[in-house]
Amino acid sequence: MSKPNKVTIRKLLTGVPGLDEVFGGGLPEYSFNIIGGTPGCGKTTLAHQIMFANATPERPAIYFTVLGEPAFKMLRYQQQYEFFDQEKLKSTIRFINLSKFALEGDLNSVLDEIIKEVGSFSPGIVVVDSFRTMKWSTQSGDTTGELQAFVQKLALYLTSWQATTFLIGEYSDKEIQNHPIFTVADGLFWLYQKAEGNSIVRKMQVMKLRGQASIPGIHTVRITDSGMQIFPRTFGLINQHKPNPAPKRISIGVPSLDALMGGGIHEGNSVLVSGPSGAGKSILGVHFIAKGLQVGEPGVIAIFEETPGTYLRHASQIGLDLSTHKKAGKLEIIYLRPLDLSVDETLHDIAEAVARTGAKRIVLDSLAGFEMALAPGFRTDFRESLYRMISALTKLGVTVLSTIETQDKFDSFGLSNYNISFLSDSIIRLRYVSIRGRLRKLLAIVKMRGSAHSNDMYEYRITETGIKIEKPFNNYRGLTSGIPAPWDNSEESDADDQENESE
Amino acid sequence: MNLALHSVQGLAHKLLLLERSTIASGLTDIQLSLSVCAKLQIPLTRFAGPVGFSSLLSRALASASVDSQSLQNIDLGPDGVLRSSEVSNIMPTLNHADPNLNEGSLLIAHLLALLKTFIGEQLMITLLSDAWPNVSFDKVELDTEEKS
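Q: What exactly am I supposed to notice about the nonpolar core here?
A: Note on soluble globular proteins: their nonpolar side chains tend to be buried together. Core analysis: the largest hydrophobic core is formed by 100 residues, its most contacted members being Met51(A), Val127(A), Leu107(B), Ile108(B), Leu111(B) and Leu112(B). For Leu112(B), the residues in contact, after removing those within four places along its chain, are Val8(B), Leu11(B), Ala12(B) and Met124(B). One finds Ile303(A), Ala373(A), Leu393(A) and Val433(A) within the second-largest nonpolar core, a separate group that totals 75 residues.

Q: What is the right way to read the interface of chain B and chain A from this model?
A: When the parts of a complex come together, some accessible area is lost, and that lost area is often used as the size of the interface. The partner chain A presents 14 residues to the 13 residues of chain B that form the contact. Broken down by secondary-structure element, the contributors of at least two residues to the side of chain B that touches chain A are helix H3 (29-67) and helix H4 (103-131) of chain B. By residue number, the principal contributor to the side of chain B that touches chain A is H3(B), which donates seven residues. Grouping the constituent residues of the side of chain B that touches chain A by class yields seven nonpolar, five polar and one charged.

Q: Mind showing me how you'd approach the domain arrangement of chain A here?
A: All names here are of chain A. Structurally, chain A comprises domain 1 (11-231) and domain 2 (249-432 + 443-470). Distance from the C-alpha centre of domain 1 to the C-alpha centre of domain 2: 44 Å. With eleven residues of domain 1 in contact, the opposing surface of domain 2 contributes nine residues. At the level of elements, strand E8 (187-196), strand E9 (199-209) and strand E10 (218-224) are the ones that each hand at least two residues to the side of domain 1 that touches domain 2. Partitioned by chemical class, the residues of the side of domain 1 that touches domain 2 number three nonpolar, five polar and three charged.

Q: Can you help me understand the confidence of the model for chain B in this one?
A: Should pLDDT be low for a region, the predicted coordinates there are not to be read in detail. Residue and element names in this part refer to chain B. This prediction gives chain B a mean pLDDT of 81; 80% of its residues lie at or above 70. Put simply, helix H1 (residues 3-7) is where chain B has its lowest mean pLDDT, 79, and H4 is where it has its highest, 91. Low confidence marks residues 87-94, where pLDDT is under 50. Its contacts with residues over four positions away, or in another chain, come to 15 contacts. Here the complex is predicted with pTM 0.76, and the ipTM for its interfaces comes to 0.73.

How each quantity is defined
- Residues numbered from 1 in each chain as written.
- Chains lettered and ligands numbered in written order.
- Predicted model: local features only at pLDDT ≥ 70, side-chain atom pairs only at ≥ 80, totals over all residues.
- Core = buried A, V, L, I, M, F, W, Y, C linked by C-beta atoms within 7 Å.
- Buried ≥ 20, exposed ≤ 12 C-beta atoms within 10 Å, placed from the backbone.
- Contact = placed C-beta atoms within 7 Å.
- Helix = DSSP H or I, 4+ residues; strand = E, 2+ residues; numbered from the N terminus.
- Nonpolar A, V, L, I, M, F, W, Y, C, P; charged D, E, K, R; others polar.
- Domains from an automatic or database assignment.
- pLDDT = per-residue confidence, 0-100.

Shown next as structure tokens:
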């Protein structure tokens with residue numbers, strides 16, 4: 001016996017970048033939704049943006065204003081957004097004020113008025129803003145039950161009339177738990193706004209959405225002249241999968257370092273280069289990107305400290321021309337320095353650059369600068385965010401090289417200040433060692449997931465052609481402390497030192 | 001004169017003429033302008049609520065009254081209706097020098113200028129179309145601020 005066909009729920013595209021992905025493909029048509037949140041968090045803007053995206057001459061929209069923001073003022077500001085299509089005001093979108101009925105606290109009159117307008121205009125989208133104010137009106141008359149009945153009738157009527165509905169209201173988190181009207185809603189969308197230091201952080205959450213799997217968790221929101229944009233926690237990569245289950249080895253751009261790493265790094269892996277200031281982390285990143293460009297693999301560099309011009313200059317100083325590739329569109333340098341970014345927004349920019357260039361290699365230089373570019377609230381979960389970000393990037397099949405500055409201590413061999421080594425498939429540690437009154441540079445492959453690698457600690461130098469790997473510091477003990485001492489056969493150590501110094 | 005007011009003069013005059021063509025002769029321009037405002041009350045109240053309409057109209061009246069002594073005799077009632085017992089006896093007492101604005105269109109122009117300032121031309125035209133459904137305002141050319 002064949003199964004009967006189930007009802008197909010069409011999904012409306014919201015017109016809000018990123019939101020359809022959060023909803024699980026769009027907003028269910030004819031759903032009855034509540035947009036909640038504190039004042040100023042963007043509820044009205046979100047409703048307007050969805051309305052303007054979906055209102056058509058055939059299925060127009062009605063925006064009911066109740067006792068919230070006056071219509072004149074609201075529209076004065078809303079029409080500054082790019083999504084506000086003046087043409088749609090002619091006959092596609094109607095604004096109707098219900099304050100007269102709401103002030104009287106007569107919910108039946110409000111309902112009758114909505115029914116009358118919906119009946120005559122047959123809208124596909126209905127917004128009631130601000131719905132919370134109607135609650136206040138009825139509470140004064142102790143009519144909580146009346147409110148619930150009103151919402152149920154409203155939901156039934158608007159759904160029957162094939163309208164997708166949004167009620168906008170200001171509710172506290174406490175009210176979300178047990179307010180009766182929330183049980184009626186098919187969708188509950190919450191917006192948050194919080195001042196953190198000098199930054200404003202906006203977030204949103206889908207608390208409930210019947211009939212489809214939305215992305216759980218709290219997503220970053222930004223409001224610009226274009227309107228609202230959501231940055232899903234999944235970074236827009238929800239259906240992306242690592243394309244190559246058995247990755248090949250790729251060169252990091254320094255052949256002698258490739259040799260130490262068993263022939264190169266695995267494509268699609270994450271490599272962490274950790275070391276103190278001036279150790280050459282960025283130069284290694286330049287080698288990595290330049291090598292990719294040389295073999296036809298486009299790249300993206302996300303820098304948080306230096307400017308793109310400085311970065312290109314440093315590359316040219318070691319004989320690597322990145323500018324030509326940048327002009328050819330094979331390399332993008334993303335310079336991010338604002339102090340109110342979220343990881344999600346950053347990755348969104350990087351993912352777009354990857355899509356534009358077809359990048360196979362990414363450099364994040366550096367994670368410390370990245371952390372500084374984030375709003376304070378996003379720094380608290382920096383590790384978790386990094387994990388999501390690097391996982392998402394490597395899912396794209398690109399190889400990620402991140403740099404991180406460590407403060408060298410002369411009694412330990414720390415990998416980073418963030419305890420993030422678990423994020424990386426490979427870790428290259430750079431550090432200074434003090435030998436015979438000179439700071440010399442040491443490189444070690446600390447970790448390489450799924451691959452044999454050299455366990456020796458090598459001396460390296462930064463030359464006019466970039467990083468050059470020298471001999472291993474085989475004759476010293478205590479190298480990880482930064483203050484090594486020669487093994488017992490000190491004569492051999494001295495001879496080795498003199499050989500290196502003479503080069 | 002503010003730029004928004006300048007840009008809606010032609011439209012204000014058009015509304016006054018429309019009203020003159022549909023209402024019995026013998027009414028003064030100011031009486032016609034009150035009739036125009038009464039017609040706008042319906043769509044504007046629907047759009048912004050009775051308080052929204054009244055507040056906008058009271059502002060328009062106050063601004064227009066600066067240039068017209070006759071308009072100073074008009075009051076806005078709590079129901080959003082403009083009234084004056086002296087209207088029928090009002091003689092023109094326009095203070096400003098712009099010949100394009102008579103006292104009647106002055107009040108309308110101030111109301112339209114406020115609408116244009118707050119909600120923009122397109123929505124204003126939509127609301128006018130609600131009040132005069134048989135009149136096409138699509139081809140109404142408002143003087144742009146650049147022109148002025």
